[in-house]
Amino acid sequence: MKADTVIFDEVDRGLVHALQIDGRAAFRAIGEALGVSENTVARRYRRLRTAGVLRVVGTLNGARLGYSAWTIRLRCTPDAAGAMATALAKRSDTSFVHLLSGGTEISFSTQTRSSDESDALLLHQLPRTARVTSVSAHLLLSHYALPNNWAGPARLTPEQAALLTPSPVVDRDVEAGAEASVELRAGDRTLLEALGRDGRAGYAELATATGWSDATVRRRIATLRRAGVLIFLVDIPSAALGFRAEARLWMSVQPSKLTAVAAAMAGHPEASLVAMTTGPTNLLAAVNCRDAQDLSRYLTERIASLDAIRTLETAPVIRTLKRAGTLLLPA
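Residues numbered from 1 in each chain as written. Predicted model: local features only at pLDDT ≥ 70, side-chain atom pairs only at ≥ 80, totals over all residues. Heavy atoms only, no water.

Along the chain, the regular secondary structure elements total 11 helices and 10 strands. Every one of the 331 residues in the chain was classed for burial, and the buried ones make up 49%. (Helix = DSSP H or I, 4+ residues; strand = E, 2+ residues; numbered from the N terminus. Buried < 20%, exposed > 50% of the residue type's maximum accessible area, 1.4 Å probe, protein only.)

Following this line, the structure appears as structure tokens:
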């Protein structure tokens with residue numbers, strides 16, 4: 001079902017914002033914040049999830065484990081881009097796979113655990129064919145905005161949001177100051193794969209998948225969340241929220257002003273990702289606008305006012321095949 005065929009009312013939009021705050025918040029808590037019943041929230045969530053519009057995805061924050069995050073750009077001949085993007089989306093190590101720029105460019109994200117793994121990906125695993133005309137790899141250095149805090153879904157008042165903001169987790173398995181040393185252990189891969197399919201899966205279902213007890217699953221999720229290793233993202237097409245013009249911006253910014261420009265862009269409600277990068281450009285942004293005219297205004301007014309930006313390349317998103325780790329292909 002296409003995102004723009006599903007009609008969202010204020011309760012639906014409040015539900016999306018609530019799940020952005022805490023992807024595993026209880027329906028009862030969300031209902032109390034929205035002023036509706038628990039059954040209403042559950043029914044709305046099931047409707048949107050069944051329609052294929054809304055999901056919660058548990059995903060690995062590799063930065064907390066010392067992993068490197070990359071954005072890769074492939075330019076292809078027009079006859080090859082679609083099939084190649086589909087193949088990349090099917091890989092378990094990719095996310096946010098998009099066709100850009102009239103269908104001749106692919107952008108995707110990946111995480112690598114070591115320099116050897118980075119070399120293997122960049123030198124050997126990427127498609128090597130005459131139909132790929134160029135490859136550009138950008139190591140993400142610092143993030144100033146991320147999809148999990150994008151302002152687009154925001155609907156709740158600060159008071160409503162406070163009711164859903166998770167409290168600090170009290171977990172005897174994680175001692176004070178030990179969060180940064182948390183490592184993945186046997187069974188975590190199965191847990192993360194299950195949460196990648198459904199971030200709201202119940203503890204009993206996750207216990208069946210992992211072979212652990214319900215209590216062990218509950219403790220492990222709490223440990224990984226507190227350490228920042230496990231995060232939950234709302235997987236929803238921006239078009240469903242009324243943002244029908246997506247684009248990737250690749251910018252070259254005066255180095256002495258790079259931090260200031262990145263911080264300024266992170267404050268723009270249009271920006272769902274702002275990150276410093278290596279490569280031919282040094283700043284990447286993902287922006288979501290209402291329509292092409294809104295995107296034009298954003299580029300000529302908001303972006304144009306940042307004088308330190310020396311060059312700007314805008315690549316419109318033509319098609320999204322994968323977002324936070326979910327394959328988005330027709331059945």
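Our next topic: the nonpolar core. By size, the foremost hydrophobic cluster in this structure holds 42 residues, and its most contacted members are Phe8, Leu15, Ile30, Leu54, Leu191, Leu206 and Ile236. For this core, the secondary-structure elements that each account for two or more residues are helix H1 (10-21), helix H2 (27-34), helix H3 (38-50), helix H7 (188-197), helix H8 (203-210), helix H9 (214-226) and strand S6 (230-235). The residues touching leucine 15, leaving out its near neighbours within four places in the chain, are Ile30, Leu34, Val41, Arg44, Tyr45, Leu48 and Leu54. Within the second largest apolar cluster, 24 residues are counted, among which are Ala245, Leu249, Met251 and Val261. (Core = buried A, V, L, I, M, F, W, Y, C linked by side-chain atoms within 4.5 Å. Contact = heavy atoms within 4.5 Å.)

A separate point is the packing of aromatic side chains. To describe a pair of aromatic rings, one takes the distance between the centres and the angle between the planes. Under the defined criterion, the tally for this structure stands at two aromatic pairs. A ring pair is formed by phenylalanine 27 and tyrosine 45, whose centres lie 5.6 Å apart and whose planes are at 50 degrees; its orientation type is tilted. Taken together, the residues span a long stretch of sequence, with phenylalanine 27 in helix H2 and tyrosine 45 in helix H3 at a distance of 18 residues. The exposure class assigned to phenylalanine 27 is buried, which follows from its relative accessible area of 18%. A relative accessible area of 6% places tyrosine 45 in the buried class. Look at tryptophan 150 and phenylalanine 243: their rings are 5.2 Å apart centre to centre, the planes differ by 65 degrees, and that puts the pair in the edge-to-face class. You can see tryptophan 150 sitting in the loop between strand S5 (132-145) and helix H6 (158-164) and its partner phenylalanine 243 sitting in the loop between S6 and strand S7 (245-253), a full 93 residues away along the chain. (Phe/Tyr/Trp six-rings, centres within 6.5 Å; stacked < 30°, edge-to-face > 60°.)

A separate point is the side chain of aspartate 235. With respect to the helices, strands and loops of the structure, aspartate 235 is situated in strand S6. Polar side-chain contacts of aspartate 235 include one of 2.4 Å to the side chain of arginine 323. (Polar contact = N/O pair within 3.5 Å; in protein donor to acceptor, adjacent residues only side chain to side chain.)

Our focus in this paragraph is the sheet that holds S5. A barrel is described by the order of its strands in space; here eight strands give the closed sequence S2-S4-S3-S10-S7-S9-S8-S5, paired in antiparallel fashion. Across this sheet, the average inter-strand angle for adjacent strands is 35 degrees, counted without regard to direction. Two elements, strand S3 (residues 94-100) and strand S10 (residues 309-322), share four bridges in a ladder whose sense is antiparallel. The residue of S10 that forms the bridge with valine 97 is lysine 322. The strands that helix H10 (residues 258-266) touches are S5, S7, strand S8 (271-277), strand S9 (283-289) and S10; relative to S8, the one it contacts most, it runs at about 165 degrees. This element, helix H11 (residues 292-303), spans S7, S9 and S10 of the sheet and lies at about 20 degrees to S7. (Pairing = 2+ DSSP bridges. Axes fitted to C-alpha atoms, helices over the stretch in contact; angles between N-to-C directions.)

What follows concerns the pairing of strand S4 (residues 105-112). Within S4, seven of the eight residues are buried, which leaves the element mostly enclosed by the surrounding structure. Pairing of strand S2 (residues 68-76) with S4, which is carried by eight bridges, proceeds in the antiparallel orientation. Residue pairing in the sheet places serine 68 in a bridge with threonine 112 of S4. Sheet topology places S3 next to S4; five bridges connect them, and they run antiparallel. Looking across to S4, one finds that histidine 98 is bridged to serine 107. The turn joining S3 and S4, which pair antiparallel and follow one another in sequence, is formed by four residues; a positive phi near 50 degrees is taken by serine 101.

A few words now on the confidence of the model for the chain. Scored by pLDDT, the chain has a mean of 89; 88% of the residues are at 70 or more. Segment residues 169-180: pLDDT under 50, and 16 contacts once partners within four positions in sequence are set aside and those in other chains are kept. (pLDDT = per-residue confidence, 0-100.)

This part is about the pairing of S9. Burial runs high along S9: seven of the seven residues are buried. Side-chain alternation along S9 places Leu283, Ala285, Val287 and Cys289 on one buried face and Leu284, Ala286 and Asn288 on a second face that is also buried. Relative to S9, S8 is paired through five bridges, and the arrangement is antiparallel. From the neighbouring strand, valine 274 faces S9, where its bridge partner is alanine 285. Connecting S8 to the antiparallel partner S9 that follows it, the hairpin turn spans five residues, and glycine 279 within it adopts a positive phi of roughly 110 degrees.

Another point: the pattern of salt bridges. The final tally for this structure, using the stated rule, is 17 salt bridges. Arginine 44 serves as the salt-bridge partner of aspartate 12, at 3.0 Å between the closest nitrogen and oxygen. Here arginine 44 lies in helix H3 and aspartate 12 lies in helix H1, a separation of 32 residues in the sequence. With respect to class, aspartate 12 is no different from arginine 44; both count as buried. One salt bridge in this structure joins arginine 225 and aspartate 22, with 3.0 Å as the shortest N-O distance. Separated by 203 residues along the polypeptide, arginine 225 in helix H9 and aspartate 22 in the loop between H1 and H2 bring together distant segments of the chain. Exposure remark for arginine 225: the relative accessible area of 28% places this residue in the partly exposed category. A relative accessible area of 10% places aspartate 22 in the buried class. (Salt bridge = Lys/Arg side-chain N within 4 Å of Asp/Glu carboxyl O.)

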